[in-house]
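A structural walkthrough
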Amino acid sequence: MRGAKRLAALFAIALVATGCSGIGASPAPSMITSVGDGEGKLSVLAWPGYVEDGTTSPDVDWVTPFETETGCQVTVQTFGTSDEAFTLFQTNPEQYDVISASGDASLRLVAGGFVQPVNVDIVPSYAEIFPDLKDKDYNTVDGVHYGIPHGRGANILMWRTDEVTTPPTKWAEIFDPASPYAGKFSVYDAPIYIADAAVVLMASRPELNIKNPYSLDDTQFQAAVDLLKAQKPAVGEYWGDYTKQISSFQNGNTVIGTTWQVIANVLQSSDPPTPVEVVKPEEGSTGWSDTWMVNSKTKNINCAYKFLNHITSAPVNIQIAEYFGEAPGNSKSCALATNPDHCTIFHAEDTAYWTDVWYWTTPVADCLDGRTDVKCKDFAAWVEAWTQIKAA
Amino acid sequence: MRQGRGGRLALGIVTLLILLFIYVPIALIFVYSFNAGDTPAWPPTGATLRWWGVAIQNTALQQAFLTSLAAALGATAIALVLGTLAAIGVSRYEFFGRESISFIAVLPIALPGIVTGMALSTTFAQIDLPLGFMAIVVGHATFCIVIVYNNAIARLRRVSHSIEEASADLGADTWTTFRYITFPAIRSAMLAGALLAFALSFDEVIVTIFMAGGVKTLPIWIFQSFRLNNQVPLVNVAGVVAILLSVVPVYIATRISSSAVGART
Amino acid sequence: MPRMTLNTGDRSTSVPSSSRRLATWLYARPRTRLSALLAGPTGWLVIVYLGSLAFLFLNAFFTRDAFSGATIYQPTAANFVRLLSDPYPGITLRTVLMAAAVTLSCAALALPIAYFMARVIPARFRSAMVVAVIVPLWASYLIKVYSWRIILAEEGILNELLRPIGLRGPGFGDVAVWLVFTYLWLPYMILPVYAGLERIPDSLLEASADLGGRSWVTFRRVVLPLVLPALVAGSIFTFSLTLGDYIAPAQVSTTIFIGNAIYSNFGAGNLPLAAALSIVPLAIVLLYLLVARRLGAFEAL
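Residues numbered from 1 in each chain as written. Chains lettered and ligands numbered in written order. Predicted model: local features only at pLDDT ≥ 70, side-chain atom pairs only at ≥ 80, totals over all residues. Heavy atoms only, no water.

With that out of the way, let us pick up the state of the cysteines. All names here are of chain A. With the rule as written, the count across this model stands at three disulfides over all chains. The partner cysteine of C72 in its disulfide is C303, sulfur to sulfur 2.0 Å. Residues C72 and C303 share a disulfide whose torsion about the S-S bond is about -90 degrees; that sign makes it left-handed. Note that C72 is positioned in the loop between α2 (64-70) and β2 (73-78) and C303 in helix α9 (residues 301-311), a separation of 231 residues in sequence. No difference in accessibility class separates C72 from C303, as the two residues are buried. With its sulfur 2.0 Å from that of its partner, C367 forms a disulfide with C376. Its torsion about the S-S bond being 105 degrees, the disulfide of C367 and C376 is classed as right-handed. The buried category is assigned to C367, whose relative accessible area is 1%. Taken in N- to C-terminal order, the disulfide-linked cysteines of chain A are connected 1-2, 3-4, 5-6. (Disulfide = S-S within 2.5 Å. Helix = DSSP H or I, 4+ residues; strand = E, 2+ residues; numbered from the N terminus. Buried < 20%, exposed > 50% of the residue type's maximum accessible area, 1.4 Å probe, protein only.)

Listed below in structure tokens is the structure:
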């Protein structure tokens, strides 16, 4: 729990800092003790594919039943990166009632006072969540829970089977400027992607001794940045919207890159379909573990709690997991999967698989891997470096 | 000036090529709005009216369209009033700082939209004004003022003072002079300015993104639709409709403003 | 002919109407009249617009805690120092060069077509041509950019068309950005140049021909200087619109321009740095406007 203590200290400092700012910071309200009647509406900020209400495809809908049952009318807004989600919250502090936050946004939201503690005792689904998703650094601060775990997934490597002749097996292949596909790499457009370069270095340059790709000291960080700068000329596109990557693969501008399973699913099921395959490369992967969180300023607290319960309940959780392509967070959902192998494929119950998946986490100066003899690069340094890499 | 036939032909061909350049991407939008497939891949896979059907029933699209219309009307109205007042003031009076007004009026349109958008939205947030429809109107009006102002002042410079002075000599008060003398003279310039301002506001993206706070104008709907895989084909339909709807007003505006242009002698 | 009927009936009553009393009062006070006219517009422009600009730049003196997103209200010049260090000078230069290139190509394309419209085709077709040039402005900016994405794509139209003759399109990249910007802002250049060319009296051109000047000489020595203010007026749009745009470059290239840098910093929640960065395009545009005004562009807008 040492991570939690450090984060609690940071949290305290941040609270003091935000106390002077005036915008977006307020002490977290006390948690409700029971869920009452719905307020009639709910505004959700979510990853694309998480909150489907039939508009993408009529048979992909787990929102309308919720609206009918609770009377809470749901409006959804999607975002492309955690940074975008955080900024949306920051500039519109009262707009969204609920958010699906990955580990690199959740703590920042807590530190900024944007989300409130969640009373997990009154969310029945919480009891069914996999134990190794509970009480993690990114969703629990000082013993206080800030949301309900959703599920987890890995960033994977995708390629067009009609353009790339030999199926790739390593991330290093899209960091190689001499690759035959140079100029057509598709890369995620967010500072957190530096961790992906670090993952490559963990395998290709063991002398750097990187133990955690979010915990990089000056030397390790510089190596990652250099790798990314070398990659830049070979990058065909940086994607921050998943539709951008979809259209790039459809048009042939990019033929290989880092992706989410849902994107591959869409490409394969479009009309006409684009032939793609995916793989989780040998070096391991970055990934994400998401938490449903509640706005500290929400006026629709009951609808929010009802939604949290609904979206993490077994039948709904598995629908999302199968649609998006990730491991569900609810342990009872695997039995309900349409594809009986889904949980095996996505390693929902396989703890060993996740040991080389590095969930998105916000880098901080106190090294996350426990080192105390050096300082690690914090999020501000990552953001700065990312601008430099892209502007090269 | 008489060019040789060769010169005129060459110019004609170049013009044709340029027009082609201008219209091929537009033509593509038309083509893809009928595309049977749901991807932007080339070539289109077949023809269908499916997207048109979906678009007509899409309430979000209709709502966005109406919102854009309302915002543009509001912004144009404000710009009309403020732009004309400023034009009259600057063209009819001598005063210190006269040149600066033209300069300041141009700034909102000359400075990058992102700067205007960030400035306005941050100020709104700090003084606790809500973002939303009124914020959009304020943002748009700010850069539309100069359009009306430029058109009005160009015309006012061509309309001589003496008619207005004569009117005053004959006993007409300020309002009468304006109503019967000045206004008819600048009316068509104001209209041309208003139409151009309307067009600018209707299609504006960047400032609108900063001021919208959840309200969806048509450009914002388009922007968000590009990020949702299923909505992309609908966007082409929206684009075609916007173009078709604009032809008549633009034609009218052109006739009005050109009819008042002085003869070339 | 404007109507000149005055209601002489008013004079027969002994008490003038209140509006006439107000008009008379105003007539004697030209400065009050002026203030009344200018109060609204200048108030709006100065208070609303300049005021919020000033407020934005105030923010540039603060910094931000990257983790929690909170602003740290301690004045510092740190952001401005950042502006001077890598990669921002490079980004700025790249953006200015692109804006200049776009302006030149827009001017090069606008002149022939505007000349054709203004002086070659008969007057009755001119309105139709102007409409033809303006209507594309109504197609949404975003849709036009996406249209170019399809055109320039690897498996897109341009490559398909050029393949039989063994060529390839420019694909995505800086050339694509230049193409797209030229396309987007071309109407903004054509319109003022057309208006400028239309205003040139026939007699001047005939005189030049009479004096023995052939087409090209007349163009260079008579037409071009006369149309220069219009060109500069159009260039205000092409230059400044290119300078701050971030949407088009992100769609057809991986290049970062100053607008992208500002937006990504704002998107990352770092308003102070974004505000400081905004000074760059602001200063450039102000400079450009001052030069443009000197060249008479403001009368040609």
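From this point, the discussion proceeds with the structure in view.
End to end, helix α3 (residues 59-92) of chain B covers 49 Å across 34 residues, agreeing with the expected 50 Å (1.5 Å per residue, within 8%). Near the N-terminus of α3 of chain B, the side chain that reaches the backbone nitrogen of A60 of chain B, with its oxygen 3.0 Å away, is that of N58 of chain B. (Expected span 1.5 Å × (residues − 1). Polar contact = N/O pair within 3.5 Å; in protein donor to acceptor, adjacent residues only side chain to side chain.)

Moving on: the interface of chain A and chain C. Across the contact, 40 residues belong to chain A and 27 residues belong to chain C. In total, chain A and chain C occlude about 2700 Å² of area from one another, counting both sides; carbon and sulfur atoms represent 52% of this. The largest contributions to the chain A side of the interface with chain C come from N251, N253 and A391 of chain A, which together make up 18% of the buried area. Where chain A packs against chain C, one counts four salt bridges. (Contact = heavy atoms within 4.5 Å. Buried area = accessible area lost by both parts, 1.4 Å probe. Salt bridge = Lys/Arg side-chain N within 4 Å of Asp/Glu carboxyl O.)

This paragraph deals with the pairing of strand β1 (residues 41-46) of chain A. Residue and element names in this part refer to chain A. The buried fraction of β1 amounts to five of the six residues, a majority that puts the element mostly inside the structure. Sheet analysis places β1 next to β2, joined by six bridges and oriented parallel. Bridged to V44 within β2 is V76. Judged from the two bridges that link them, β1 and strand β3 (residues 98-101) form a sheet pairing that is parallel. Bridge assignment links L45 to a residue of β3, and that residue is I99. (Pairing = 2+ DSSP bridges.)

What follows deals with the interface of chain B and chain C. Taken together, the contact between chain B and chain C spans 94 residues of the former and 103 residues of the latter. Buried surface at the junction of chain B and chain C, both sides included, amounts to about 9300 Å², of which 77% is carbon and sulfur. If you look at where chain B meets chain C, you find zero salt bridges. Counting the contacts that link chain B with chain C gives eight residue pairs in polar contact (both at pLDDT 80 or more). Broken down by element, the side of chain B that touches chain C gets its largest block of residues, 16 residues, from helix α1 (residues 5-33) of chain B. Tallied by class, the residues present in the side of chain B that touches chain C amount to 66 nonpolar, 20 polar and eight charged. (Nonpolar A, V, L, I, M, F, W, Y, C, P; charged D, E, K, R; others polar.)

Turning next to the pattern of salt bridges. What the rule picks out here adds up to 22 salt bridges over all chains. One salt bridge connects E154 of chain C with K184 of chain A, and the closest N-O pair in it is separated by 3.8 Å. You can see E154 of chain C sitting in the loop between α7 (141-152) and α8 (157-162) and its partner K184 of chain A sitting in the loop between β8 (156-160) and β9 (185-188), one on each of two chains. Between D202 of chain C and R119 of chain C there is a salt bridge, and its shortest N-O distance comes to 2.8 Å.

Before going further, it helps to spend a moment on empty space enclosed by the protein. For the structure shown, the criterion picks out 10 cavities of 30 Å³ or more. Reported here for the largest cavity is a volume of approximately 340 Å³. P40, F226 and V232 of chain B together with Y146 and I150 of chain C are, among the 26 residues lining the largest cavity, the residues nearest its centre. Element by element, the count of residues in the lining of the largest cavity is highest for helix α7 (residues 242-251) of chain A, at six residues. (1 Å grid on protein atoms, 1.4 Å probe; cavity = no way out; pocket = protein on both sides within 12 Å on 5 of 7 lines; lining within 4 Å. Points joined across faces, edges and corners; volume = space filled by probe spheres on them.)

Turning our attention to the packing of aromatic side chains. Residue and element names in this part refer to chain A. A complete count under the given rule lists 46 aromatic pairs over all chains for this structure. Members of the aromatic cluster, joined through ring pairs, are W47, Y50, F66, F79, Y188, W239, W260, W288, W292, F307, F324 and W360. Cation over ring: R108 sits above F86, and NZ or CZ is 3.9 Å from the ring centre. Lying over the aromatic face of Y126, K134 brings its terminal NZ or CZ to 4.7 Å of the ring centre. (Phe/Tyr/Trp six-rings, centres within 6.5 Å; stacked < 30°, edge-to-face > 60°. Lys NZ or Arg CZ within 6 Å of the ring centre and 35° of its normal.)

Further remarks concern the environment of T70 of chain A. Residues and elements named next belong to chain A. Relative to the assigned elements, T70 resides in helix α2. In the structure, T70 is positioned 32 residues away from G38 in sequence and 6.5 Å away in space, judged by C-alpha atoms. A polar atom in the side chain of T70 sits 2.7 Å from the backbone oxygen of F66. Polar side-chain contacts of T70 include one of 3.2 Å to the backbone nitrogen of C72.

Residue and element names in this part refer to chain A. Reading across from one edge, β10-β9-β11-β8-β12 is the order of the five strands in this open sheet, with mixed pairing throughout. Edge positions in the sheet fall to β10 (235-239) and β12 (276-279), since each of these pairs with one other strand and no more. Strand-to-strand twist across the sheet, computed as the mean angle between neighbouring axes with direction ignored, equals 25 degrees. Sheet analysis places β8 next to β12, joined by four bridges and oriented antiparallel. Its bridge partner being in β12, R160 is matched across the sheet by V276. (Axes fitted to C-alpha atoms, helices over the stretch in contact; angles between N-to-C directions.)

Across the junction of D271 of chain A and P272 of chain A, the peptide omega takes the value 0 degrees, indicating a cis bond. Tracing the chain through its elements places P272 of chain A in the loop between α8 (261-269) and β12. Cis geometry marks the peptide bond from D86 of chain C to P87 of chain C; its omega dihedral reads 5 degrees. Following the sequence through the fold, P87 of chain C ends up in the loop between α4 (78-83) and α5 (88-120). The phi torsion at D142 of chain A lies on the positive side, around 55 degrees, for a residue other than glycine. Within the element layout of this structure, D142 of chain A appears in the loop between β5 (140-141) and β6 (144-145). Positive phi, normally seen in glycine, also occurs at D128 of chain B, with a value near 65 degrees. Topologically, D128 of chain B is positioned in the loop between α5 (113-126) and α6 (133-158).

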